[in-house]
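Spelled out, the chains give:
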Amino acid sequence: MVSSAGLLLHRVGDGGEVEVLVGHMGGPLWARKDERAWTIPKGEHDPDEDPHAAAVREFTEELGSAPPDGPEIDLGQIRQRAGKTVRAWARRADFDASTATSNTFEMEWPPRSGRTATFPELDRVAWVPLTRARELLVAGQVELLDRLAEALARS
């Protein structure tokens, strides 16, 4: 089973609504999609790697700098449709999305061309209101947003 870990930053925006920091998945397969083409900064980790440490590492790799400090909420684990599990933490902190620079991956493109192209893992990073994030994130991760909203409502 493939396991991932991620860190979801959140803040209160200028209008008083909770905003979350999400990234648009890079590469040609996602280029023309917007809704259901965004993700929290996350990535795979080995079974013996601490998931929280992996979440911090993946944030750093996908956004180009370490996550800012802030109080955290353990959002637990979800299972996405393809079977991958995602363990996530929400951290209240601000981050300048304009400074994000993602790591890259390679894939054959165009298909069956024999050529390899390099793409950013996240081609855009943005703060979006929680309500809009529910429409943008891949369906399997929406539950993490719901868990964050529930935790914030209790506090």
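Scroll up for the structure.
Now for a description of the structure that goes with this document.

Following the sequence through the fold, H10 ends up in strand β1 (residues 3-12). Accessibility expressed as a relative area gives 5% for H10, which makes it buried. The residues contacting H10, other than those within four sequence positions of it, are V18, E19, V20, I73, A90, R91, R92, A93, W127, L148 and L152.

With respect to burial, strand β2 (residues 18-25) is a largely interior element, seven of its eight residues being buried. Across three bridges, β1 lies against β2 in antiparallel orientation. Bridging across to β2, R11 finds its partner in E19. Here β2 runs beside strand β9 (residues 122-129); their pairing, made up of seven bridges, is antiparallel. Bridging from a neighbouring strand, M25 pairs with L122 of β9. Of the pairings in the sheet, the one linking β2 to strand β3 (residues 38-39) comprises two bridges and is antiparallel in character. Bridge pairing in β3 places G23 opposite T39.

As a further point, take unusual backbone geometry. Omega for the bond connecting W109 with P110 falls within 30 degrees of zero, at -5°, which places this linkage in the cis form. Secondary-structure assignment places P110 in the loop between β7 (104-108) and β8 (116-120). Its identity is not glycine, yet R36 carries a phi of approximately 65°, on the positive side. With a relative accessible area of 37%, R36 lands in the partly exposed category. With a phi angle near 60°, R112 is a residue other than glycine that sits in the positive phi range. Mapped onto the elements of the fold, R112 is located in the loop between β7 and β8. Note on R112: relative accessible area 78%, which makes it exposed.

This part covers helix α3 (residues 142-154). Here α3 contains 13 residues, and its C-alpha end-to-end distance of 19 Å stays within 8% of the 18 Å for a straight helix at 1.5 Å per residue. Listing the buried residues of α3 in full gives V142, L144, L145, L148 and A151. Elements that come into contact with the buried residues of α3 comprise β1, β2, β5 (72-79), β6 (85-92) and α2 (130-136).

The end-to-end C-alpha distance of helix α1 (residues 51-63), which contains 13 residues, comes to 18 Å, matching closely the 18 Å that a straight helix rising 1.5 Å per residue would cover. Buried within α1 are the following residues: A54, A55, E58, F59, E62 and L63. The arc that holds every buried residue of α1, seen down its axis, measures 140°, which confines them to one face. Against β1, β2, β4 (42-44), β6 and β9 lie the buried residues of α1. The positive-phi residue at the C-terminal boundary of α1 is G64, with phi of around 85°.

Each value, and the rule that gives it
Residues numbered from 1 in each chain as written. Predicted model: local features only at pLDDT ≥ 70, side-chain atom pairs only at ≥ 80, totals over all residues. Heavy atoms only, no water. Helix = DSSP H or I, 4+ residues; strand = E, 2+ residues; numbered from the N terminus. Buried < 20%, exposed > 50% of the residue type's maximum accessible area, 1.4 Å probe, protein only. Contact = heavy atoms within 4.5 Å. Pairing = 2+ DSSP bridges. Expected span 1.5 Å × (residues − 1). Arc of directions from axis to C-beta.

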